[in-house]
Amino acid sequence: MTKSRAFLKWAGGKFKLVDQIAARLPRSERLVEPFVGAGSVFLNTDYAEYLLSDINPDLIGLYQTLQQRPDDYIATARKLFVPVNNDKETYYGMRAEFNQTHDQFGRAVLFLYLNRHGYNGLCRYNKSGGFNVPFGSYKKPYFPEKEMWFFAEKAQRATFFCEGYGDAFARARHGDAVYCDPPYLPLSTTANFTSYASGGFSLDDQALLADCAVAAANKQAATVLISNHDTPLARKLYHAASLDTLKVTRSISQTASGRKKVDELFALYRPERD
């Protein structure tokens, strides 16, 4: 089966790992994703229903807009992907406009432009909530029309929520499959790339997420899969799960030499059997 790419560039995206993730997820009616990100797992699995959450309101606003108004959205976004807009000064003007507008449709259109024209596909905000990713200087940013149409069609099976992982877990039903792709634990003290949404993701959050997984497996008979870096702390946090590892290439580093293979840890929480 041909894999479907996400239409957003996303640090930590799971496109390369979707086969391994899907193989570890159980068959069920619904998949719940408390950290949907760019949606690669959603796009490359086949559940009757999806409950997709993220704490980033711009991401969820974009997904809801594309789900509900794909024709208008794609036609409007296409107009921004012209050579004259692939310019540093124009980019910073668009970024300022994005940070000033509260219109969901307008923000959704600009979010795609910023994602494709900004540096490395990063999504980063300052302490006051302003998007602050610098210009990316790409030769010809790609307009992901085909990928957006695929997303919009599949999104008819999905419900999107802008909320934290605790609220997403509270929505889990009996027998759900749950996949969690939280901001990863740092491999070292200098590699704490965790600020996908303003506020970051603390070590307390990492521990509370593991508690949510245990509770969902025991109380809702859900099967929960969490991925993270394979570190001693991760193994301690996920001690109640079945653990296995996979070597993957990380590409957040700016240099090719920094893109080395590291161990990915999968923690699987299964319902208790009577």
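Residues numbered from 1 in each chain as written. Predicted model: local features only at pLDDT ≥ 70, side-chain atom pairs only at ≥ 80, totals over all residues. Heavy atoms only, no water.

In the annotation of an unreviewed UniProt entry, the entry for the protein chain reads Site-specific DNA-methyltransferase (adenine-specific), and the organism field reads Ferrimonas marina. Turning to the protein chain, the UniProt record has this under Catalytic activity (unreviewed entry): "a 2'-deoxyadenosine in DNA + S-adenosyl-L-methionine = an N(6)-methyl-2'-deoxyadenosine in DNA + S-adenosyl-L-homocysteine + H(+)". For the record of the protein chain, the UniProt heading Sequence similarities (unreviewed entry) holds the text "Belongs to the N(4)/N(6)-methyltransferase family." (UniProt positions renumbered as here; feature names shortened; annotations may be inferred.)

**Q** Quick one: what's the story with the state of the cysteines, residue by residue and with numbers?
**A** Overall, the coordinates contain 0 disulfides when judged by the stated rule. Sulfur of C123: no disulfide; nearest cysteine sulfur belongs to C162 and is 12 Å away. When its relative accessible area of 9% is taken as the criterion, C123 is described as buried. (Disulfide = S-S within 2.5 Å. Buried < 20%, exposed > 50% of the residue type's maximum accessible area, 1.4 Å probe, protein only.)

**Q** Residues and numbers for the pattern of salt bridges, please.
**A** Counting across every chain of the model gives 11 salt bridges. The closest approach of N and O atoms between K14 and D181, which form a salt bridge, is 3.0 Å. You can see K14 sitting in the segment before α1 (18–24) and its partner D181 sitting in the loop between β4 (177–180) and α9 (203–219), a full 167 residues away along the chain. In terms of burial, K14 and D181 fall into one category: buried. A salt bridge links D176 to R30; the shortest N-O distance between them is 2.7 Å. Pair noted here: D176 is in the loop between α8 (165–170) and β4 and R30 is in strand β1 (residues 30–33), with a separation of 146 residues, a long-range link. Taking relative accessible area as the criterion, D176 reaches 3% and is therefore assigned buried. (Salt bridge = Lys/Arg side-chain N within 4 Å of Asp/Glu carboxyl O. Helix = DSSP H or I, 4+ residues; strand = E, 2+ residues; numbered from the N terminus.)

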